[in-house]
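Here is how the chains run, residue by residue.
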Amino acid sequence: MKYKQDERNLSLKMKFLKPITKSDMQKIKQRDILLDIIKGYDITNTYLFKEKKQRLKKLSVKDSILEYIGLCRQMEKMAKKEDFRKIDEQKIEVLLKKRRLLNKIGKILENQ
């Protein structure tokens, strides 16, 4: 057990043997900012999910049916204005943008 701890301490010391450059500090800051952003999204999504779940639990049968009908009407209006292909194209475009952003974040974190 002590051997593993000594090995960890040695590897930590060896990492800091080379001087830390300005670009190293920038990479560390960028990584920290990205991690904070991701953590913020996670916290927000968790909060919104809980809030939505509580709101939906409190709905009566009548209110839930009215909400469903309202969503259907909204979708019908959208369908009249635009065909579904445009909606699908926009959805795919948003998903691709998210994927590109996550790929960039992954590459930055991988290079750290």
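Here the residue index of a chain counts from 1 through its sequence in written order. Only residues with pLDDT of at least 70 get local features here, since the model is predicted, and only at 80 or more are side-chain atom pairs given and counted; chain-wide, interface and lining totals rely on the full set of residues. For side-chain calculations, the full set of non-hydrogen atoms in the structure is used, while hydrogens and water are omitted.

**Considerations on the overall build of the protein**
By the criteria applied, helices consist of DSSP H or I runs no shorter than four residues and strands consist of E runs no shorter than two, each listed in order from the N terminus. If you tally the helices and strands in the protein, you get four helices and zero strands. Listing every helix and strand of the protein by position from the N terminus yields α-α-α-α. Counting only residues that meet the buried cut, the protein has 4% of its 112 residues in that class. To measure how exposed things are, a 1.4 Å probe is used in the Shrake-Rupley method; for residues, cover is taken only from the protein chains shown. As presented, the protein carries roughly 11200 Å² of accessible surface, and 60% of it is formed by carbon and sulfur atoms. Relative accessibility decides the category of a residue: with a 1.4 Å probe and only protein chains considered, values under 20% of the type maximum give buried, values over 50% give exposed, and everything between is partly exposed.

**Some remarks on the pattern of salt bridges**
Between Lys or Arg on one side and Asp or Glu on the other, a salt bridge is scored when a side-chain nitrogen of the former is within 4 Å of a carboxyl oxygen of the latter. Overall, the coordinates contain two salt bridges when judged by the stated rule. In this structure, E67 and R55 form a salt bridge, with 3.3 Å as the shortest nitrogen-oxygen distance. Of this pair, E67 sits in helix α3 (residues 61–81) while R55 sits in helix α2 (residues 22–58), and the two are twelve residues apart along the sequence. Ionic pairing is found between K97 and E93, a salt bridge with its closest N-O pair at 3.7 Å. A residue pair is termed a helical-turn pair when its members lie 3 or 4 positions apart in one helix, as K97 and E93 do in helix α4 (residues 84–110) at four residues. Judged by relative accessible area, K97 falls into the exposed class, the value being 51%. Judged by relative accessible area, which is 45%, E93 ranks as partly exposed.

**Quick notes on the confidence of the model for the protein**
Summary of the metric used: pLDDT quantifies the predictor's per-residue confidence within the range 0 to 100. Per-residue confidence for the protein gives a mean pLDDT of 77, with 77% of residues at or over 70. When mean pLDDT is taken per element in the protein, α2 scores highest with 84 and helix α1 (residues 2–15) scores lowest with 51.

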